[in-house]
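# Structural description and commentary
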Amino acid sequence: MERKNLPENRKIKSGQDASGDFAIVLPCEPDQFGEFIGKLLGKPQVIEKRIAGNFIIERNNVINLYHLINQRVEQQNHGVLVGFGITIYYDDNSNVRLASISEFENYAEVKNRISIGFNLSWTYLIKFSESLSPEKQDIDLTFTTLRSRFRPDEIAFVKVDDVDSYFDGWQGFKLRVQHTARSWGVDIESLVEGHVSTLRRLPVIGLKGFMRKYRSYTVTTLTSLFVAFMISSLILAIRYYSSVKTAEYEKEMSSVPSSADKISYGVQIIINRILSGEIQIYTAIVVGYSILIIASSIIFMEKLSSVINKRRSESVLLLTEQAIENYGHMKKDESRFWVDIVSVIGLGIISGIVANYIFAVLPKLIIG
């Protein structure tokens, strides 16, 4: 906690009394002591606010958040900061807790890990105009990224029904204010929400933004088009093969002079083809190609989904060298968005064309 020059009536101090024994001087009159302790130990009202979005948070942003709240409380409410802490969470399931903003300003992480979230906590004693003694007020502000994996016991104010929010792709700020004056709590909520909103990244617009926002529909639509292309090619190949075999059959039948002989000769041709295994082989090829369509469609969908999801908007907390380096890779991947999308679709089309060519040629090679 930083030391500040405060008026005498705002200090909580220790010293020696007239008898030489040590004593603690509390900021209240003796007849207000019971009320003062009751408000310290009593259950205050709570305001919780979630501010979702895509943020890029740097060290200076965290420092500015601290000073923004601290200056507001000290200047407008003459509050005394009696407790402060900042906890930084990393991607290796570890965390570091610092006891002052000066420690945070000078702290440099030496391990090779990525910062994925932080928690700021303030505890103030504030004497409101309508109260006879100072009252305890607590502020907690947490930032999480998509990489965050906080456990319920690591952040005390996370509700049971909110725990899963850290695992379902949610990212942003979460504010919790424990207060004894409703107007003060609402003022802090508005202050934090207004400032944090200015840190939110602008959403991606255009076709890229549409594909990200509706990624499930995008993947489903493109995969359906790919399946339609493969099935259409299969149908065309079957029709081509049927036309070739029909032409061969008509050519053989044209050499038979009488109608009676044509019937028996035609039946004999069909029997010969069945006995030779020609029809069974072609049926097996069609079935195999159908299985190939299903398998290739699944692969296409997975590849396309991985590309879109990998490039989704992700908040970052740039408090370590590894986090800054990782953010550089993210920006590089971001610039390759359309290259990778076109590559996946192009490879899907090329593989479909090659598969169709093989399907068209394979019966001739096997059956003749």
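The structure contained in this document is the topic of the report that follows. These numbers come from a predicted model, not from an experiment. (Residues numbered from 1 in each chain as written. Predicted model: local features only at pLDDT ≥ 70, side-chain atom pairs only at ≥ 80, totals over all residues. Heavy atoms only, no water.)

### Overview of the pattern of salt bridges
One pass over the full model with this rule turns up six salt bridges. For R72, the salt bridge identified is with D187, shortest N-O distance 2.9 Å. Within this pair, whereas R72 is found in helix 2 (residues 59-77), its partner D187 is found in helix 4 (residues 182-197), the two being separated by 115 residues in sequence. By relative accessible area, R72 is classed as partly exposed at 22%. Classification of D187 as partly exposed rests on a relative accessible area of 27%. Because the salt bridges share partners, they merge into one network encompassing D92, E109 and R113. (Salt bridge = Lys/Arg side-chain N within 4 Å of Asp/Glu carboxyl O. Helix = DSSP H or I, 4+ residues; strand = E, 2+ residues; numbered from the N terminus. Buried < 20%, exposed > 50% of the residue type's maximum accessible area, 1.4 Å probe, protein only.)

### Some details on empty space enclosed by the protein
Applying the stated criterion across every chain yields a total of two cavities of 30 Å³ or more. Taken as a whole, the largest cavity holds about 70 Å³ of empty space. What lines the largest cavity is a set of 14 residues, among which I114, S115, V316, L317 and N326 lie closest to the centre. Listing elements by their share of the lining of the largest cavity, those giving two or more residues are strand 7 (115-126), strand 10 (316-318) and helix 9 (321-335). Ranked by the residues each element gives to the lining of the largest cavity, the list is headed by helix 9, at four residues. For the lining of the largest cavity, a count of residues per class yields eight nonpolar, four polar and two charged. Roughly 40 Å³ of volume is contained in the second largest cavity. Listed by contribution, the elements that provide at least two residues to the lining of the second largest cavity are helix 6 (215-253) and helix 10 (337-366). (1 Å grid on protein atoms, 1.4 Å probe; cavity = no way out; pocket = protein on both sides within 12 Å on 5 of 7 lines; lining within 4 Å. Points joined across faces, edges and corners; volume = space filled by probe spheres on them. Nonpolar A, V, L, I, M, F, W, Y, C, P; charged D, E, K, R; others polar.)

### What about the environment of I86?
Mapped onto the elements, I86 comes out in strand 5 (residues 80-90). Put simply, I86 and S121 are 35 residues apart on the chain and 6.4 Å apart in space, counted from C-alpha to C-alpha. Apart from the residues lying within four places of it in its own chain, the contact partners of I86 are V62, V96, R97, L98, F104, N119 and L120. (Contact = heavy atoms within 4.5 Å.)

### Some words on the nonpolar core
Ranked by internal contacts, the top residues of the largest apolar core, which has 39 residues, are W122 and F173. With six residues, the single largest contributor to this core is helix 2. Discounting chain neighbours no more than four positions away, the residues touching W122 are L65, Y66, I69, L81, G83, F84, Q137, D138, I139 and L141. Counting 21 residues, the second-largest nonpolar core is a separate cluster that includes V219, M230, Y241 and Y282. (Core = buried A, V, L, I, M, F, W, Y, C linked by side-chain atoms within 4.5 Å.)

### With respect to helix 9
In a regular helix each residue adds 1.5 Å, so 15 residues correspond to 21 Å; helix 9 covers 22 Å between its end C-alpha atoms and thus fits that length. Within helix 9, burial applies to A323, N326 and Y327. Along the axis of helix 9, the buried residues cluster in a sector spanning 105°; they form a single face. What points out from helix 9, more than 90 degrees from its buried face, is the exposed set E321, K332 and S335. (Expected span 1.5 Å × (residues − 1). Arc of directions from axis to C-beta.)

### Description of the pairing of strand 5
Across the eleven residues of strand 5, ten count as buried, placing the element largely inside the fold. Bridge count for strand 5 against strand 7 is ten bridges, and the pairing is antiparallel. Paired with Y90 across the strands is S115, a residue of strand 7. Pairing analysis gives four bridges linking strand 5 to strand 6 (residues 95-98), with the strands arranged antiparallel. What sits directly across from Y89, in strand 6, is N95. Linking strand 5 to strand 6, which pair antiparallel, is a turn of four residues; within it N93 sits at a positive phi near 65°. (Pairing = 2+ DSSP bridges.)

### Focus on helix 2
Its 19 residues give helix 2 an end-to-end C-alpha distance of 27 Å, which sits within 8% of 27 Å, the value for a rise of 1.5 Å per residue. Within helix 2, burial applies to N61, V62, I63, L65, Y66, I69, N70, V73 and N77. One or two residues past the end of helix 2 sits H78, with phi positive at roughly 50°.

### Topic: the packing of aromatic side chains
Tallying each qualifying case throughout the model produces nine aromatic pairs. Taking 6.3 Å as the distance between ring centres and 70° as the angle between the ring planes, the aromatic pair formed by F118 and F173 counts as edge-to-face. Placement of the pair is F118 in strand 7 and F173 in strand 9 (residues 172-179), with a sequence separation of 55 residues. Given the relative accessible area of 0%, F173 is considered buried. Ring pairs connect the aromatic residues F55, F118, F143 and F173, which therefore count as one cluster. Here the guanidinium or amino end of R59 rests over the ring plane of F104, the centre of that ring lying 5.0 Å away. Over the aromatic face of Y90 sits the side chain of R113, whose NZ or CZ is 4.0 Å from the ring centroid. (Phe/Tyr/Trp six-rings, centres within 6.5 Å; stacked < 30°, edge-to-face > 60°. Lys NZ or Arg CZ within 6 Å of the ring centre and 35° of its normal.)

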